[in-house]
Structures are given as structure tokens and as C-alpha cells.
Amino acid sequence: MEKYLKQMIKKSNESTLGQAIRELLRTYNLTDKLTEVKLINSWETIVGKMIAKHTVNLKVKNGKLFIKLDSAALTNELTYAKSRIIDMLNKEAGEKVISDIVFR
């Protein structure tokens with residue numbers, strides 16, 4: 001009986017590395033930040049090489065993506081595609097992370 005109880009306790013305390021990392025991220029409220037970093041890292045994949053090449057800076061704060069581009073014409077063009085870009089970013093994240101885009 002004692003051996004059985006030790007095995008049960010041991011099994012209940014075991015978790016996979018993935019579970020432990022997810023729990024750590026949840027405990028320290030880092031899940032949202034990790035998702036934001038993933039989105040920034042996938043920027044080129046989402047918008048393409050040409051737009052990524054002209055992107056100077058990306059920052060996410062309070063659900064808003066702040067984008068700085070080195071081309072006024074491109075900034076103007078992307079302003080018209082804001083909602084489409086937001087949809088693509090949220091689709092990539094698998095959840096609603098970005099609610100607005102601000103071009104600087």
C-alpha cells in the first residue's frame with residue numbers, strides 16, 4: 001500500500017516540460033507578451049519582404065501595434081489596409097491580440 005501511495009504522489013507531481021513552461025508563463029503573466037513577440041517575429045511572413053524591409057520599428061502596447069516605416073507612401077498605402085493587417089496578425093496569433101494599428 002505504501003509503495004502504491006508513493007507512486008501516486010510521484011505521478012501527480014510529474015509534468016511535461018511543456019506543461020511546466022506554460023504554467024511558468026501563466027504564473028508570471030508572460031503569455032500575452034510571448035504572443036506579441038511571436039507576432040513581431042512573424043511580421044515578414046505576414047506582410048511580405050518588401051514591407052518588412054521598409055519597417056523601421058514594431059512595438060505592441062495595450063493591444064495596439066505601433067509601426068514605424070521609412071516610406072511615407074507605404075505608410076499611406078498600409079493605412080488603407082489596417083483592418084486586413086489586423087485580421088492577418090490575429091489569425092497568426094490564433095487569438096485577438098491586436099485591436100488597432102498606429103503608424104508613426
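Note on numbering: residues in each chain are counted from 1, in written sequence order. Per-residue local features are limited, in this predicted model, to residues with pLDDT of at least 70; the limit for side-chain atom pairs, both in listing and counting, is 80 or more; totals at the level of whole chains, interfaces and linings are taken over all residues. As a rule here, side-chain values cover all heavy atoms of the structure and leave hydrogens and water aside.

Enquirer: Got a sec to walk through the overall build of the chain? Specific residues and values, please.
Expert: Strands here are runs of E lasting at least two residues and helices are runs of H or I lasting at least four, both read from the DSSP assignment and numbered beginning at the N terminus. For the chain, the count of helices and strands is seven helices and three strands. Along the chain, helices and strands appear, N-terminal first, in the series α-α-α-α-α-β-β-α-α-β. When checking whether two residues touch, look at their non-hydrogen atoms; a contact exists if any pair is within 4.5 Å. Of all intrachain contacts in the chain linking residues separated by at least 6 positions in sequence, the fraction that spans at least 24 positions is 47%. Per-residue accessibility takes into account occlusion by the displayed protein chains alone, with areas from the Shrake-Rupley method and a 1.4 Å probe. Approximately 7900 Å² of the chain is accessible, and the part contributed by carbon and sulfur atoms is 54%.

Enquirer: Please give an account of unusual backbone geometry that cites residues and values.
Expert: Non-glycine residue Asn62 carries a positive phi angle of around 55 degrees. Residue position: Asn62 is located in the loop between strand 1 (55–61) and strand 2 (64–69). Overall, the relative accessible area of 70% leaves Asn62 in the exposed class. Buried means the residue's accessible area, taken with a 1.4 Å probe over protein chains only, is under 20% of the maximum for its type, while exposed means over 50%, and partly exposed covers the values in between.

Enquirer: Please give an account of the pairing of strand 3 (residues 100–103) that cites residues and values.
Expert: Alternating residues of strand 3 divide into Ile101 and Phe103, all buried, and Asp100 and Val102, none buried. Strands are treated as partners if at least two bridges between them are detected by DSSP. Examined bridge by bridge, strand 2 and strand 3 share four bridges and lie parallel to one another. Following the sheet pairing, Leu65 is matched in strand 3 by Ile101.

Enquirer: Explain a positive patch on the surface residue by residue, including any values.
Expert: Patches in this entry comprise residues that are over 30% relatively accessible and not in a salt bridge; like charges within 9 Å are linked, as are nonpolar side chains (Val, Leu, Ile, Met, Phe, Trp, Tyr) within 5 Å. The term salt bridge refers to a side-chain nitrogen of Lys or Arg lying within 4 Å of a carboxyl oxygen of Asp or Glu. Lys and Arg are tallied as positive, Asp and Glu as negative. Neither His nor the chain termini are counted. Every charge is mapped to an atom, namely NZ of Lys, CZ of Arg, CG of Asp or CD of Glu. Together, Lys59, Lys61, Lys68 and Arg104 give the surface a local cluster of positive charge. Mapped onto the elements, Lys61 comes out in strand 1. For Lys61, a relative accessible area of 47% corresponds to the partly exposed category.

These results come straight from atomic positions and should not be treated as a statement about function.
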